[in-house]
Every structure is written in structure tokens, then in C-alpha cells.
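So you can see what is in the structure, the chains are spelled out below.
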Amino acid sequence: MADDRHPAPAPLAAPEPDPYLARGHRVGIRPFRRADRAEFTARARESAELHRPWLFPPADDASYDAYYARLQDPSRAGFLICDLQDGGRIAGYLTINNIVHGGFRCGAAGYGAFAHAAGRGLMSEGLQLVLRYAFGSLGLHRIEVNVQPENAASIALARRNGFRKEGYSPDFLFVDGAWRDHERWAITSEMMPPEGP
């Protein structure tokens, strides 16, 4: 029988699930969501000068929706790199494409920082989190990046995060209206340094 003087305690609300797949000191990584469209496309438009002629991320609703739909394919994985010290604002993004399992266990990564976050080390921290996630939860062994030789910032990011240069591919990718040469960089799970405390 209920005692009106001592009502039963209200049930505790379940804690909100953490939206991040992994967190570092300053950034968290999480999957793309449909609800990210407005912020992502606004950041892409603000960053057009920084990205050209290397990157062309979706900058309008229709292109974001198509991009998001492609990321639902199991041969792709998309990650937003979010600034934890700025309310989770999107600082950049990284996708792993052409994921192959079996004996290969490899994927090809592409990435970009947004202008408000460029040069602050957020992409480097985010890349490390994605690599650990890819080599752990995704079960991959190797991640490749293909970078145009003139894209010094992207090459520096790969080098700084332990990728090794493996070669040069003339006329490798069709970017900005022409076939472009690319340097090939890669990292394997064995090349990752142990996680710090």
C-alpha cells in the first residue's frame, strides 16, 4: 500500500548516449547525421577558399543529402571531427572509402578541415582518433591517402600522423575538371604508436 507521506521516488531518467565514437583532449569523432546538413554545408561554403582546388565538400542541401546517402554504403565510413571546447561544432571531416575486408582490410581516406578550425591541430587529433577506430572497431589493417603533390597542408597532416609515402600516381583522380597526379601515403595498424595515458 502506498504511503502518501513517503511517495515512491521518481524513476531515474536514462543518461543520454554519448554521440561520440571516441574522444580526445579537444575533439570527438562521430558519424554524419542528416541533421548536420545545415552546419556542414555552411562550413563548406565558408571554407571554399581554403579547400580549392583540392576539395569540394557538399555546400548545398541536395549535394549533402547525396553525400550522406553514399556514406550509408558499407564500403564507406564517414566521421565528423567536432571541437569539444566549442560546443561540439564541426571542425572537419574524414571519410574512409573503398573499404575492403578479407585478406586486404584496407580503405582510402579523404579529409578536410573547415576554415574556422584550420591550423589549430584539431584535424591531427581527429585523424588519430579515426585511425584507432578504423584499426579497432572497423577491423582494418591499412589506411591510404592520395594527395595532390601541391597540397602541402594535407601532406603535412599525413606525415605528422605517421603515414609513409609509398609512391606517385600520374593522372590518378579526376579533380576540378582534370586528371590530377597524386602522391600515395599509407599507414598500417602496426605503425600506430601505443596510446598514451
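The rules behind each value
- Residues numbered from 1 in each chain as written.
- Predicted model: local features only at pLDDT ≥ 70, side-chain atom pairs only at ≥ 80, totals over all residues.
- Heavy atoms only, no water.
- Core = buried A, V, L, I, M, F, W, Y, C linked by side-chain atoms within 4.5 Å.
- Buried < 20%, exposed > 50% of the residue type's maximum accessible area, 1.4 Å probe, protein only.
- Helix = DSSP H or I, 4+ residues; strand = E, 2+ residues; numbered from the N terminus.
- Pairing = 2+ DSSP bridges.
- Contact = heavy atoms within 4.5 Å.
- Axes fitted to C-alpha atoms, helices over the stretch in contact; angles between N-to-C directions.
- Parallel < 35°, antiparallel > 145°, perpendicular 65-115°, else oblique.
- Left-handed = near helix turned anticlockwise from the far one by under 90°.
- Nonpolar A, V, L, I, M, F, W, Y, C, P; charged D, E, K, R; others polar.

A few points about the nonpolar core
One recurring pattern in soluble globular proteins: nonpolar side chains tend to sit buried together. By size, the foremost hydrophobic cluster in this structure holds 33 residues, and its most contacted members are Leu-94, Ile-96, Ile-143 and Phe-163. Ranked by residue count, the leading element in this core is helix α4 (residues 122-135), at nine residues. Ala-44, Tyr-68, Leu-80 and Ile-90 belong to the second-largest nonpolar core, a separate cluster that totals 13 residues.

Here we look at the sheet that holds strand β4 (residues 89-100)
Taken together, the eight strands give an open sheet; going across it, the order is β1-β2-β3-β4-β5-β6-β8-β7, and neighbouring strands pair in mixed fashion. The sheet is open, and its two borders are formed by β1 (22-23) and β7 (164-175), each paired with just one other strand. The pairing of strand β3 (residues 77-83) with β4 spans seven bridges and is classified as antiparallel. The residue bridging Cys-82 from the neighbouring strand is Ile-90, located in β4. Set on the sheet, helix α1 (residues 37-46) makes contact with β3 and β4; between it and β4 the angle comes to about 95°.

Some remarks on the pairing of strand β8 (residues 178-188)
Looking at chain direction, strand β6 (residues 142-147) and β8 are connected through six bridges and run antiparallel. Pairing of Asn-146 across the sheet is with Arg-184, part of β8. The sheet contact formed by β7 and β8 spans eight bridges and is antiparallel. Bridge assignment links Lys-165 to a residue of β8, and that residue is Trp-185. Linking two consecutive strands that pair antiparallel, namely β7 and β8, is a turn of two residues; a positive phi of about 50° is found at Asp-176 within it.

Focus on the packing of α1 against helix α3 (residues 61-70)
Their axes nearest at 10 Å, the elements α1 and α3 cross at an angle of 115°. Here α1 lies roughly perpendicular to α3, going by the angle between them. Considering how the two elements wind past one another, α1 and α3 form a crossing that is right-handed. Note on element contacts: α3 touches α1 through Asp-61, Tyr-64 and Asp-65, opposite Arg-37, Phe-40 and Thr-41. Taken together, the residues of the contact of α1 with α3 sort by class into two nonpolar, one polar and three charged.

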